[in-house]
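# Close look at the chain arrangement
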Amino acid sequence: MFNIGWPEMVILVVAALVILGPERLPGAIRWTAQSLRQVRDYASGATGQLRSELGPEFDELRKPLQELNELRRPLEQFRGMTPRAAVTKHLLNGDDSLFTGNFDKPTSIANGSDYSPPEPYSPPAPPKPLARNEKPPIDFDAT
């Protein structure tokens, strides 16, 4: 439920140390641990009490939850799919040079793709200068 790792724990301890101070921090940690233990005991006691009172009907109540979990399993294939990975895979044929900035040679290209590097950009030729007394062309969209 709570996916807290070591970096988050360090941040929480530092924040608690700043907010509570070093003299009240051990008592607060002790109180939090006792509260969590008490909540866990209440939850396991309630589950055990339901199981003992309902008997085989408890398993019938759990069946729909198990079916929902089985329906969620096919979605696990998309768990690692980030927007960047989706764009790379489907729109760019696996060429992630747009994201890595390495345009000389892409780092990952999908197997079997017909990828060929694009031609280098060459700017268009500059327009020829106007002759003497020649009026410049008018761009009506720009005025």
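Up top is the structure these notes are about.
Right, let's walk through the structure included here. The structure presented is a predicted model; accordingly, all values stated were derived computationally and were not measured.

## Observations regarding the overall build of the chain
Secondary structure assignment for the chain yields 5 helices and 0 strands. From first element to last, N terminus to C terminus, the chain shows the α and β order α-α-α-α-α. Per-residue burial over the chain gives 6% buried out of 143 residues. A fraction of 0% describes how many contacts in the chain between residues 6 or more apart in sequence connect residues 24 or more apart. If you sum the accessible surface of the chain, you get close to 13,600 Å²; carbon and sulfur atoms cover 61% of it.

## Quick notes on helix α1 (residues 6–20)
Over its 15 residues, α1 extends 20 Å from the first C-alpha to the last, a length consistent with the 21 Å expected when each residue adds 1.5 Å. Just downstream of α1, G21 is the residue with a positive phi angle, here 90 degrees.

## Digging into helix α2 (residues 25–54)
Counted at 1.5 Å a residue, the expected span for α2 with its 30 residues is 44 Å, and the 43 Å between its end C-alpha atoms agrees. A positive backbone phi angle near 65 degrees is found at G55, which sits one or two residues after α2.

## A closer look at unusual backbone geometry
Trans peptide bonds make up the majority, and among non-glycine residues the majority have a negative phi. Notably, N133 is not glycine yet its phi reads approximately 65 degrees, a positive angle. Here N133 shows up in the segment after α5 (97–100).

## Concerning a nonpolar patch on the surface
A contiguous nonpolar patch, built from I4, W6, M9 and L12 and spanning about 480 Å² of accessible area, is present on the exposed surface. You can see M9 is positioned in helix α1.

Definitions and limits used
- Residues numbered from 1 in each chain as written.
- Predicted model: local features only at pLDDT ≥ 70, side-chain atom pairs only at ≥ 80, totals over all residues.
- Heavy atoms only, no water.
- Helix = DSSP H or I, 4+ residues; strand = E, 2+ residues; numbered from the N terminus.
- Buried < 20%, exposed > 50% of the residue type's maximum accessible area, 1.4 Å probe, protein only.
- Contact = heavy atoms within 4.5 Å.
- Areas by Shrake-Rupley, 256 points an atom, 1.4 Å probe, with all protein chains shown as cover.
- Expected span 1.5 Å × (residues − 1).
- Patch = residues over 30% accessible without salt bridge, like charges linked within 9 Å, V, L, I, M, F, W, Y side chains within 5 Å.
- Salt bridge = Lys/Arg side-chain N within 4 Å of Asp/Glu carboxyl O.

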